[in-house]
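Structural features, examined
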There are 2 protein chains.
Amino acid sequence: VYTIILPLGCHPSPALRPGCRELLRPAVGRGCRAPSPAGWEQARCSASTRLTWSICTPRVINAEKSEFNEDQAACCQISIRRREPGLEEDEEWLILCSTQFLTGYYWALFDGHGGPEAAIIASNYLHYCIKQKLEEVVGGITETRPPMHLSGRCVCDSDPQFVEEKHIQAEDLVVGVLENAFQECDEVIGQEMEATNQTGGCTALAALYFQGKLYVANAGDSRAILVLKDDVVPMTCEFTPETERQRIQHLAFLFPKLLDGEFTRFEFPRRLKGDDVGQKVLYRDYFMEGWGYKTVEKADLKYPLVHGHGKQARLLGTLAVSRGLGDHQLKVIDTNIEVKPFLSCIPKVNVFDFAQHDIKEDDVLVMATDGLWDVLCNKEVAHVVRSFLAENRTDPHRFSELAKCLVCRARGKKRGHQWMLDDSCEASYDDISVFVIPLHKRDED
Amino acid sequence: VYTIILPLGCHPSPALRPGCRELLRPAVGRGCRAPSPAGWEQARCSASTRLTWSICTPRVINAEKSEFNEDQAACCQISIRRREPGLEEDEEWLILCSTQFLTGYYWALFDGHGGPEAAIIASNYLHYCIKQKLEEVVGGITETRPPMHLSGRCVCDSDPQFVEEKHIQAEDLVVGVLENAFQECDEVIGQEMEATNQTGGCTALAALYFQGKLYVANAGDSRAILVLKDDVVPMTCEFTPETERQRIQHLAFLFPKLLDGEFTRFEFPRRLKGDDVGQKVLYRDYFMEGWGYKTVEKADLKYPLVHGHGKQARLLGTLAVSRGLGDHQLKVIDTNIEVKPFLSCIPKVNVFDFAQHDIKEDDVLVMATDGLWDVLCNKEVAHVVRSFLAENRTDPHRFSELAKCLVCRARGKKRGHQWMLDDSCEASYDDISVFVIPLHKRDED
């Protein structure tokens, strides 16, 4: 478990890291061995010289489930240089002046599987991809309406009308940046893992506060919600073999060789067996949201491409998520079947425009890996957030304490050999990572 | 223009038609020549012996735009026989007794392109596919929870739990029926058109009232909305090259040969030209909801796979819709490039459960082809519906008159050489078809 909180608008201290010098990452939680099972270790990083920055990282390897924590987190300030059009890369020094910086704030959670390696690379690299790609389009972002040509040159008189007709706004460029950055980061992970002969993958949830808007990009089963005074706003949807069944089945329909004769494309309520052959049983194919009956043939007894329900749902009997980074080498055990073709590294990006909302003092963004959401629903989390913040109004560390409180809730208490929640349900046995990000006064530097 | 109204729960008179004996279709509007341009012809079909049935079919070939009306409509009662398990097809006479019928009510609109032929076949055949497929699964539909095995036999003790875990309900079987029926109808159209050496395709919008629920299946750019006392509920979304850009671009990414080197997969705000080469211009690829900048290469000057905006958007420069039936032979003009691989015949099905709503006297379902929606938005249609019905409370034909009124609104008035709306906007030059279906007292037979 690895929790971290960061008030919006507070700048981290510079760290010596190539590409994103502003990155600050606690040295804990990097797949490192737990000092004591279920024990808490606090690390408080002090503020940079210029600005306050409070960061709190309680950590626990959850319920002795895993020796290594596969969750990773990153947060940093992203400074974007504005290049003059036509200026070559080697003339960059000409424009390195502070007024030519735009600033973004970045938080991300990566939930690794098959080891923490992919999550570690992603946590070191994704913000760098985002920074680079933002700089590439910054000339378009700073205009009220992005120009058809990045150079600003107008090749065709009606170019501005074409852009307006398509409703293209600066916000769409940031969404495009995030989509492209995830894809580039995935490629880099693939190269890095191959070069170092490592395996594994991770989900990725990234939030970017930039130019008055919050962008939340998600690929996997982590989740982010805004807990506002009178509303709870989901900022992500989960990508699992169950939620992406139709996309996955459709690929298998288009490229049957991907299943190598070992899996069936069809979905059934349970795995079929010999007794079912010849019977008409419930099934779904790629084009169906509804269900039908299919006469069972022998080929239908194969293991289904997407199988199981809820947390048990698996892609090719192997993965519990359908989007994320890495897994380039992953094959179904004892076969030559690759999982990667069915995975997507593209995030769904949702945007929240602060100009459209009156943000109150206790409004926060909660980002967490599935370890939290498996045992607490949005409504329960919102209740904890509101009551905790109301009861701890004067505590300067109340947002860190809230993140810790949410982790404790999901982790439960040990009773005998089991970890239980307050309501006697079984607690989460997964890694749990939580960001609580206050949204009020976010631009007060 | 072809409008038709049918109060829910009123049965049509039997017509001698194989497969769906209950079908009643007016003889007008079948791609037949207009008696006089912009003239109205009324055909009123009287009720069957058993039940009242009022049908009103004003017709006009709109604004002399087209010689033939490419819109088609169908409506009928669909009676579903309940077969005893194990009973063979040739023993069907054993169970032909009235208490073993379930009844559905069906309305559909088909907007043809490249001629009315596909729309005519679809209007004659889709309800038959639906009837057949409903009969195939009727044993599952009549249970509160569909059984894993259609026979009702329980192969595995926990089968009911598996079905419950997946939340499979009778409603899902009806959705599956509609999805499969559209697909079968498309295959039949393909065979029929090839056999008779005809070409063309059509959109399909079908509504089915069955077991207390309204199912609306849509493939194309027609639209259905519920106009309720205090609410307007959209029952469809449109499938056009613009709304399905990512699906279409993704197919071209997976199978580049489909474009035969003649089209570019990328979307740009306008078609590029020589002057754009080397410049960075706004673009989107299949995985992007946002926009980015791309350095233009010579290959980007090709015609874009999806091009244009709004009503001008085209797939392969050819079609304005991305889903529908037919078009099996359609090729891009002067090329060997097939359009069909990019088209989908699968409808999106939305369900409205009357048990969850208190339906008022003037609540209606409005179904119409794009000719109506191009010039009137949902809000405007709802306003016309509410004010017309309030002003004509005692008229027994007020629903027919309302449908006619909606068509008139969209058709506009001739001023010089132009057809204009009341607000001096240009009127629809397309065929316009409207169903207005009263929802109150729908089960009073």
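Above: the structure in question.
Now for a quick tour of the structure. (Residues numbered from 1 in each chain as written. Chains lettered and ligands numbered in written order. Predicted model: local features only at pLDDT ≥ 70, side-chain atom pairs only at ≥ 80, totals over all residues. Heavy atoms only, no water.)

1. Some thoughts on the overall build of chain A
The line we're drawing: Labels follow the DSSP assignment, with helices taken as runs of H or I lasting at least four residues and strands as runs of E lasting at least two, numbered in each case from the N terminus. Remark: exposure states derive from per-residue accessible area (1.4 Å probe, protein chains only) relative to the maximum for the residue type, with buried under 20%, exposed over 50%, and partly exposed in between. By the convention used here, residues are in contact when the closest approach between their heavy atoms is within 4.5 Å. In this description, accessible areas are obtained by the Shrake-Rupley approach with a 1.4 Å probe, and a residue is regarded as covered only by the protein chains that are shown.
A count of helices and strands for chain A gives 7 helices and 22 strands. Across the 445 residues of chain A, 57% fall into the buried class. Put simply, of all contacts in chain A between residues at least 6 apart along the chain, 69% involve residues at least 24 apart. Working note: accessible area of chain A is about 18,700 Å², and carbon and sulfur atoms make up 49% of it.

2. Considering the packing of helix H1 (residues 117–141) of chain B against helix H3 (residues 170–195) of chain B
When two helices pack together, you describe them by how their axes are tilted relative to each other and by the distance separating the axes. Residues and elements named next belong to chain B. This is how the line gets drawn: Structural elements are reduced to axes, namely lines fitted to C-alpha atoms, with helices fitted over the stretch in contact, and the angle between N-to-C directions of any two is expressed from 0 to 180 degrees. Crossings are assigned a handedness: left-handed for a near helix turned anticlockwise from the far helix by less than a right angle, right-handed for a clockwise turn. Basically, the charged four are Asp, Glu, Lys and Arg, the nonpolar ten are Ala, Val, Leu, Ile, Met, Phe, Trp, Tyr, Cys and Pro, and anything else, Gly included, counts as polar.
Close contact between H1 and H3 brings their axes to 7 Å; oriented N to C, the two are set at 145°. Read as a crossing pair, H1 and H3 show a hand that is right-handed. Classifying every residue of the contact of H1 with H3 by side-chain character gives 21 nonpolar, 3 polar and 4 charged.

3. So, the relation of the copies chain B and chain A
The condition that has to hold: For this overlay, a least-squares fit was computed on C-alpha atoms, restricted to residues scoring pLDDT of at least 70 in both copies.
Least-squares fitting of chain B to chain A yields an RMSD of 0.0 Å, with the transformation described by 0.0 Å of translation along the axis and a rotation of 180°. Taken together, the rotation and translation describe the operation of a two-fold axis. Measuring from the rotation axis to each C-alpha of chain B, the shortest distance belongs to B:Leu254, at 4.6 Å. Interface overlap between copies: 100% of the residues of chain B at the interface are likewise at the interface in chain A, consistent with a symmetric, same-surface contact.

4. Quick word on the interface of chain B and chain A
Just so we agree on the cut-off: Once two parts are put together, the accessible area they lose, assessed with a 1.4 Å probe and summed over both, is termed the buried area. Definition used for salt bridges: Asp or Glu carboxyl oxygen within 4 Å of a side-chain nitrogen of Lys or Arg. In protein, a polar contact means a hydrogen-donor-capable atom and an acceptor-capable atom, both N or O and within 3.5 Å, with residues adjacent in sequence counting only if both atoms are side-chain atoms; elsewhere, any N or O pair within 3.5 Å suffices.
On the chain A side, the residues contacting the 53 residues of chain B number 53 residues. A buried area of about 4,700 Å², summed over both sides, lies between chain B and chain A, and 61% of it is on carbon and sulfur atoms. Our count for the chain B to chain A interface comes out at 6 salt bridges. Two residues, B:Glu289 and A:Lys348, come together in a salt bridge whose shortest N-O distance is 3.3 Å. The interface formed by chain B and chain A includes 26 residue pairs in polar contact (both at pLDDT 80 or more). Here the side of chain B that touches chain A gets 7 residues from one element, more than from any other, and that element is H3(B).

5. Brief notes about the pattern of salt bridges
Summed over the entire model, instances satisfying the criterion amount to 48 salt bridges over all chains. With its nearest N and O atoms 2.7 Å apart, the salt bridge here joins B:Glu267 to A:Lys166. Highlighted residues: B:Glu267 in the loop between strand S11 (263–264) and strand S12 (280–283) and A:Lys166 in the loop between helix H2 (159–165) and helix H3 (170–195), drawn from two different chains. A:Lys294 is paired through a salt bridge with A:Glu297; the nearest N and O atoms lie 3.6 Å apart. Residue class for A:Lys294 comes out buried when judged on its relative accessible area of 12%. Linked through salt bridges whose partners overlap, the residues forming this network are A:Lys166, B:Arg245, B:Glu267 and B:Arg284.

6. Examining the pairing of strand S22 (residues 433–438) of chain A
Residues and elements named next belong to chain A. The test is simple: Should DSSP find at least two bridges between two strands, the strands are regarded as paired.
Among the 6 residues in S22, 6 count as buried, and that is most of the element. Judged from the 5 bridges that link them, strand S19 (residues 364–368) and S22 form a sheet pairing that is antiparallel. Bridging from a neighbouring strand, Val366 pairs with Val436 of S22.

7. Describing the packing of aromatic side chains
As a reminder, the rule being used: Classification of ring pairs rests on two measures: the distance between centres of Phe, Tyr or Trp rings, Trp counted by its six-membered ring, which must be within 6.5 Å, and the angle between planes, read as stacked under 30 degrees, edge-to-face over 60 and tilted in between. Sitting over a ring, as applied to charges here, requires NZ of Lys or CZ of Arg to be within 6 Å of the ring centre and within 35 degrees of the ring normal.
All chains considered together, the criterion is met by 19 aromatic pairs over all chains. A cation over an aromatic ring shows up here: A:Arg323 above the ring of A:Phe239, its NZ or CZ 4.0 Å from the ring centre.

8. What about the pairing of strand S6 (residues 101–113) of chain A?
Residues and elements named next belong to chain A. Among the 13 residues that make up S6, 11 are buried, leaving the element largely enclosed by the rest of the structure. Inspection of the sheet shows strand S5 (residues 71–81) paired to S6 by 11 bridges, in the antiparallel sense. Opposite Ala73, over in S6, you have Leu109 as the bridge partner. Sheet analysis places S6 next to strand S7 (residues 201–210), joined by 10 bridges and oriented antiparallel. Each bridged residue has a counterpart across the sheet, and for Ala108 the counterpart in S7 is Ala206.

9. What to know about unusual backbone geometry
All names here are of chain B. With phi around 55°, Asn197 is a residue other than glycine that occupies positive phi space. Looking at the secondary structure, you find Asn197 in the loop between H3 and strand S7 (201–210). Classification of Asn197 as exposed rests on a relative accessible area of 71%. For Asp260, which is not a glycine, the phi torsion comes out positive at approximately 50°. As for its placement among the helices and strands, Asp260 is situated in the loop between helix H4 (245–254) and S11.

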